[in-house]
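Structure assessment
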Amino acid sequence: MEFLDASLPYIMPIVYAVLMISVFMGLCSYSVLAERKVSSWIQGRVGPNRTRVPLVGHIPILGNVMTGLGLFQPVADGLKFLFKEEIVPGHVNKGYYYLAPIIALAPALTTMVVLPFGRYVDADGITQPLVLANVDLGMLIILGISSLGVYGIVLAGWSSNSKYPFLGGVRASAQMISYELAMGLALLPVFMWAASPGYYDSEGLFVEGSRYGMSLFGVVQSQQAAWTILWQPLSALLFLVALFAETNRLPFDMAESETDLVGGFHTEYGCFKFGLFFVAEYAHIIMGSGIFVLLFLGGWNFLPWVADPWGDGIFGSVLSVAWFMAKVFFMIFFFIWMRWTLPRFRYDQVMSLGWKILLPLAVGNLVLNTIIIALYDTLTR
Amino acid sequence: MAKTKVLERKPLSFAEKTFLPQIVTGLKTTFTSMLQKGVTLQYPEERPTIPDNYRGVPTLVKDPNGREKCVSCQLCEFVCPPKAIRITPGAIDTDAEPERAHVEKAPQEFDINMLRCIYCGLCQEVCPEEAIFLQDIFSLSGYSREEMINNKQKLYELGGTLPDKHFKWDKKKSAEAAGNAH
Ligand code: SF4
Ligand code: SF4
């Protein structure tokens, strides 16, 4: 018993982490399903509607509804990837070839550690974030690690030793670098606004800067009244465009562009290694959606200028998580929706959009916001 | 000569240059099409309606009296471009079918190899007896090569009976009885 008590602080984080990974992977596989379903609805098709799991799938009515919605499809998809014959082309660079899918997936799964997804009120009555690791510089960690994912793509393209994957990898790296800049610059105003001007501590003294530092939690707490997207639409737009480019989604899926590059970086990959790339793409989408919701759509706050209708207890925490997830789902849907709305950009258009339009706009936006904040602070002091 | 009318191309407005209003319109379009009903046919359960002149699997048909129409002339065998048809001619059993004795010939064996058939419809076109028709069967499969060869019995099963306007052999018989056979 004593041993158990002593080891609890070490075991619980692992339990939480495993829980979060399973939920996250579940989300990934179901966003694949969502992609397939939404795509087919937009195209006037039906989508996967035949896969049926014994017992659960044979419950009258409910089983049919679930089958029709394709809810069992992810299982079939996963099993298919697992049991397919594993073909490794003879001309690949083996070590890097195997490493690439892992490197693609790992960053996406790592970043979720610092992603807050709800809030609770602790024993002292202070609102705390629900997050695996409440780090002050969460956003920097996410930016830093998630862009490592491009190494997976570059490695895959390079180690495949064939020209289309190689082109895909080259394009991906150039695109990532171009949009990373605009993305970071679009974020800064948000954090500047969230941090300023200061707060009164428990003794009633005015402290400059934010109570939460640069943490994502602080940004969400600062949006209790107005969501950032309402008064920072330009930042939101810039960030969203950069997000699409970073996640390699249409209209920016230069790395894949199946019409001119066969399958892009994963042309030479099959079975589970391809599955890993696939999951990584959706993991990036979910992470991106989560960050966009946190930064611009008010996180788990109910509606702009409407206080959360749920209380502070456990029930409130659960609802805050649910509300956050609902927003994330909407963003995932938006990603898919966008895919079937816009055609792919030409590669040079992607580059000129990134360097000639997004980057200057982001810099201008940053300068403008800095001036406004400076004026605001001097005038209201 | 027709005059070419050169349309004046207006410069893009600022809003158009940002693409954003167009993207919103596009999003609206895709969203409305998402809410519409799909056009998918749930295939094995739902079947498409096949038009009358469809060229499906070739079949042999009987006349409305349930009699065999094919007279084993072998024209279809000759015309078939991929040589899918194989006919063994035979005589009509006069004891069993005395009313058809004057037709004299009928196929003993009639095989169509569906692995060779190209669904060209020439057999139907050439048949002087309107005995062979390409009907509405469009999905045909089997586990072995033998299974894919339709024999006479199978061909009649698939073909069934089609309405016949001519009753050529009945007319021939009555003409003969009236004494003006040609
Ligand atoms: S449809 Fe053409 S190929 Fe097929 S059996 Fe008739 S003539 Fe031969
Ligand atoms: S099906 Fe027609 S063409 Fe072919 S042998 Fe019979 S009568 Fe002649």
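Residues numbered from 1 in each chain as written. Chains lettered and ligands numbered in written order. Predicted model: local features only at pLDDT ≥ 70, side-chain atom pairs only at ≥ 80, totals over all residues. Heavy atoms only, no water.

The subject of this paragraph is the overall build of chain A. The helix and strand inventory of chain A stands at 14 helices and four strands. What you see for chain A is a C-alpha radius of gyration of 22 Å, in line with the 21 Å of a compact globule of 381 residues. If you line up chain A on its principal axes, its C-alpha atoms span 70 × 60 × 50 Å. For chain A, the proportion of contacts with a sequence separation of at least 24, taken over those separated by at least 6, is 75%. Surface summary for chain A: the accessible area is close to 18,400 Å², and the carbon and sulfur share equals 72%. The distance from the centre of the 20 positive side-chain charges to the centre of the 24 negative ones in chain A is 15 Å. (Helix = DSSP H or I, 4+ residues; strand = E, 2+ residues; numbered from the N terminus. Rg over C-alpha atoms; globule rule 2.2 N^0.38 Å. Contact = heavy atoms within 4.5 Å. Areas by Shrake-Rupley, 256 points an atom, 1.4 Å probe, with all protein chains shown as cover. Lys, Arg positive; Asp, Glu negative; His and termini not counted. Charge placed at Lys NZ, Arg CZ, Asp CG, Glu CD.)

In terms of regular secondary structure, chain B is built from six helices and five strands. Secondary structure elements of chain B, listed N to C terminal, follow the sequence α-α-β-α-β-β-α-β-β-α-α. Here the C-alpha radius of gyration of chain B, 29 Å, is well above what a compact globule of 182 residues would show, namely 16 Å. Along the first, second and third principal axes, the C-alpha set of chain B runs to 95 × 55 × 30 Å. Burial status across chain B gives 29% buried among its 182 residues. Put simply, 73% of the contacts in chain B that link residues at least 6 apart link residues at least 24 apart. (Buried < 20%, exposed > 50% of the residue type's maximum accessible area, 1.4 Å probe, protein only.)

With 88 residues, the main nonpolar core has Tyr179(A), Phe239(A), Phe292(A) and Leu295(A) as its most contacted residues. No fewer than three residues from each of domain 1 (1-83) and domain 2 (91-380) of chain A sit in this core. Excluding anything up to four places from it in sequence, Phe239(A) contacts Met183(A), Ala186(A), Leu187(A), Ile291(A), Phe292(A), Leu295(A) and Phe296(A). In terms of nonpolar packing, the next biggest core, distinct from the first, is built from 20 residues, Cys80(B), Ile112(B), Cys127(B) and Leu134(B) among them. (Core = buried A, V, L, I, M, F, W, Y, C linked by side-chain atoms within 4.5 Å. Domains from an automatic or database assignment.)

What follows concerns the pattern of salt bridges. All names here are of chain A. Considering all chains together, one arrives at 13 salt bridges over all chains under this definition. Between Glu281 and Arg249 there is a salt bridge, with its nearest N and O atoms 3.2 Å apart. Taken together, the positions of Glu281 in helix α12 (residues 271-296) and Arg249 in the loop between α10 (233-246) and α11 (258-261) put the pair 32 residues apart, joining distant regions of the chain. Using a relative accessible area of 15% as the deciding quantity, one classes Glu281 as buried. Under the relative-accessibility criterion, Arg249 is labelled buried at 1%. By sharing partners, the salt bridges in this structure join Glu35, Arg249, Glu281 and Arg339 into a single network. (Salt bridge = Lys/Arg side-chain N within 4 Å of Asp/Glu carboxyl O.)

Residue and element names in this part refer to chain B. Following the UniProt record, the feature "binding site: [4Fe-4S] cluster 1" (unreviewed entry) maps to Cys70, Cys73, Cys76 and Cys127 here. Spatial clustering of the annotated residues is evident: they stretch over 58 residues in sequence, but the largest pairwise C-alpha distance comes to 10.5 Å. By the secondary structure assignment, Cys70 is in the loop between β1 (58-60) and α3 (75-79). Accessibility expressed as a relative area gives 8% for Cys70, which makes it buried. The residues touching Cys70, leaving out its near neighbours within four places in the chain, are Arg100, Lys105, Ala106, Pro107, Phe110, Ala131 and Tyr156. Along the chain, Cys73 turns up in the loop between β1 and α3. According to the relative accessible area criterion, Cys73 is partly exposed, its value standing at 35%. (UniProt positions renumbered as here; feature names shortened; annotations may be inferred.)

Bringing the site of ligand 1 into the picture now. If you check the shell around ligand 1, you find Cys80(B), Pro81(B), Pro82(B), Ile85(B), Cys117(B), Ile118(B), Tyr119(B), Cys120(B), Gly121(B), Cys123(B) and Leu134(B) and nothing else. Looking at the shell around ligand 1 residue by residue, the class counts come to ten nonpolar, one polar and no charged. (Near = heavy atom within 4 Å. Nonpolar A, V, L, I, M, F, W, Y, C, P; charged D, E, K, R; others polar.)

Attention now goes to the interface of chain B and chain A. Contacts between chain B and chain A engage 14 residues on the former and 16 residues on the latter. By the criterion of area lost to chain A, the three top residues of chain B are Leu27(B), Thr30(B) and Met34(B), representing 40% of everything that side buries. Inspection of the region where chain B meets chain A yields one salt bridge. Between Arg50(A) and Glu45(B) there is a salt bridge, and its shortest N-O distance comes to 3.1 Å. Counting the contacts that link chain B with chain A gives nine residue pairs in polar contact (both at pLDDT 80 or more). Of the residues in the side of chain B that touches chain A, the class split is seven nonpolar, six polar and one charged. (Buried area = accessible area lost by both parts, 1.4 Å probe. Polar contact = N/O pair within 3.5 Å; in protein donor to acceptor, adjacent residues only side chain to side chain.)

Here we take up the UniProt feature "binding site: [4Fe-4S] cluster 2" (unreviewed entry) in chain B. Residues and elements named next belong to chain B. The sites that UniProt annotates as "binding site: [4Fe-4S] cluster 2" (unreviewed entry) are Cys80, Cys117, Cys120 and Cys123. Taken along the chain, the residues just named run across 44 residues; in space they keep tight, none of their C-alpha pairs more than 10.5 Å apart. By secondary structure assignment, the location of Cys117 is in the loop between β3 (105-113) and α4 (122-126). When sequence neighbours within four positions are dropped, the list of residues in contact with Cys117 reads Pro58, Pro82 and Ala84. In this structure, Cys120 sits in the loop between β3 and α4. On the accessibility criterion, Cys120 (26% relative accessible area) is partly exposed.

A few words on the packing of α10(A) against helix α13 (residues 314-339) of chain A. Residue and element names in this part refer to chain A. It is at 12 Å that the axes of α10 and α13 come closest, and there the two elements cross at 70°. Comparing their axes, α13 and α10 come out roughly perpendicular. Facing α10, whose interface residues are Leu240, Leu243 and Phe244, α13 presents Met331, Phe334, Phe335 and Met338. Here the contact of α10 with α13 is built from residues that sort into seven nonpolar, no polar and no charged. (Axes fitted to C-alpha atoms, helices over the stretch in contact; angles between N-to-C directions. Parallel < 35°, antiparallel > 145°, perpendicular 65-115°, else oblique.)

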